[in-house]
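# Residue-level structural notes
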Amino acid sequence: MIYAVIALLVLSLFAYSSMAKSNGQVEPLIKLGAILSNENVEVKEDLELYLNNPAKYLSKYEDELFERGIEEVENIPAVIVLVNALLKRKLLAYVDGSNSFNDSLKAIAKLAKGKLDASKNFKNLLDYSNKPSKYGVGAYLDSDIGPSVFESLKSDGFNLISINEDSDAYPLVLVNSEDLNRVVNLAKDSNIRLYYADK
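Attention here is on the structure that accompanies the text. The shown structure was predicted, so the numbers you read here are calculated from the model rather than taken from an experiment.

The rules behind the values
Residues numbered from 1 in each chain as written. Predicted model: local features only at pLDDT ≥ 70, side-chain atom pairs only at ≥ 80, totals over all residues. Heavy atoms only, no water. Helix = DSSP H or I, 4+ residues; strand = E, 2+ residues; numbered from the N terminus. Buried < 20%, exposed > 50% of the residue type's maximum accessible area, 1.4 Å probe, protein only. Pairing = 2+ DSSP bridges. Contact = heavy atoms within 4.5 Å. Axes fitted to C-alpha atoms, helices over the stretch in contact; angles between N-to-C directions. Arc of directions from axis to C-beta. Core = buried A, V, L, I, M, F, W, Y, C linked by side-chain atoms within 4.5 Å. Phe/Tyr/Trp six-rings, centres within 6.5 Å; stacked < 30°, edge-to-face > 60°.

## Some details on unusual backbone geometry
- Phi is positive for Asn 191, close to 60°, though the residue is something other than glycine.
- Position of Asn 191 relative to the elements: it lies in the loop between helix 11 (180-189) and strand 4 (194-195).
- The class for Asn 191 is exposed, based on a relative accessible area of 72%.
- One non-glycine residue, Tyr 196, lies in positive phi territory at about 75°.
- Mapped onto the elements, Tyr 196 comes out in the segment after strand 4.
- Tyr 196 gets classed as buried once you look at its relative accessible area, which sits at 9%.

As structure tokens, then:
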């Protein structure tokens, strides 16, 4: 009897999920990926593959997942799928806390696709980062050392966030300031934690 009830519940959930997809509802992870990637089709395809056929996703990216210690379908977290999809298309700056401030700023500037080239504030930040420093970028992001990266980018209409993939790395993404609240809410709905969204 109990097995029949469980089977009925599983079938109901599957039917509901299928109906939701056929009614045009989109997973929050897909929406989040669309905003962070500026509607990149390949990012969407990777996220859809993960959501619709995780075994096929594991097979396609077996080597990359193995490098992260992931060998089973049930061990693939959505955050890793998102980070890998963005990283593969050069849509995030993947830096280590010990990377130089200057190199990290240059990687962040690439994400802006030229929109920071005329920014006086960002130029001042780059000039400051050329000075010798005993600190890596992590110190500038996590403390009050030097000028604020966050304030500089906000003045140009961007927010800098880091996707928490539970590692020592900083997967950094530039978000248009008007999209920040949506990104935060979609990340929450996708069970993905963000750093610096409140800075």
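## Re the sheet that holds strand 3 (residues 169-176)
- Spatially, the four strands line up as an open sheet ordered 1-3-2-4, and their pairing is antiparallel. The open sheet is flanked by strand 1 (93-96) and strand 4, the only strands paired with a single partner.
- Pairing of strand 2 (residues 158-163) with strand 3, which is carried by five bridges, proceeds in the antiparallel orientation. If you follow Phe 158 over to strand 3, its bridge partner there is Asn 176.
- Set on the sheet, helix 7 (residues 101-111) makes contact with strand 1, strand 2 and strand 3; between it and strand 3 the angle comes to about 40°.

## Comments concerning helix 7
- Among all positions in helix 7, only Phe 101, Asn 102, Ser 104, Leu 105, Ile 108 and Leu 111 are buried. Buried residues in helix 7, looked at end-on, bunch into an arc of 165°, giving them a common side.
- Taken together, the buried residues of helix 7 touch strand 1, helix 8 (120-129), helix 9 (137-142), helix 10 (149-154), strand 2 and strand 3.
- Lys 113 occupies a position one or two residues after helix 7 and carries a positive phi of about 50°.

## Brief notes about the pairing of strand 3
- Burial runs high along strand 3: seven of the eight residues are buried.
- The turn linking strand 2 back onto strand 3 is made up of five residues, and Asp 166 within it adopts a positive phi angle of 60°.

## Quick notes on the nonpolar core
- The biggest cluster of nonpolar side chains holds 35 residues, and the ones touching the most others in it are Leu 36, Leu 82, Leu 86 and Ile 163.
- At the level of secondary structure, the elements contributing two or more residues to this core comprise helix 2 (28-37), helix 3 (41-52), helix 4 (54-60), helix 6 (78-88), strand 2, strand 3 and helix 11.
- Element by element, the count of residues in this core is highest for helix 6, at eight residues.
- Beyond its immediate chain neighbours, meaning those up to four positions away, Leu 82 contacts Leu 29, Leu 32, Gly 33, Leu 36, Leu 47, Ile 163 and Ile 192.
- Counting 22 residues, the second largest nonpolar core, distinct from the first, contains Leu 116, Leu 125, Val 149 and Leu 160.

## Brief notes about the packing of aromatic side chains
- Counted under the stated rule, the structure contains seven aromatic pairs.
- Ring plane angle 90° and centroid distance 6.5 Å describe the contact between Tyr 135 and Tyr 140, whose orientation is recorded as edge-to-face.
- Aromatic pair Phe 150 and Tyr 196: ring centres 5.0 Å apart, planes at 50°, arrangement tilted. Pair noted here: Phe 150 is in helix 10 and Tyr 196 is in the segment after strand 4, with a separation of 46 residues, a long-range link.
- Of the aromatic side chains, those joined through ring pairs into one cluster are Phe 101, Tyr 128, Tyr 135 and Tyr 140.

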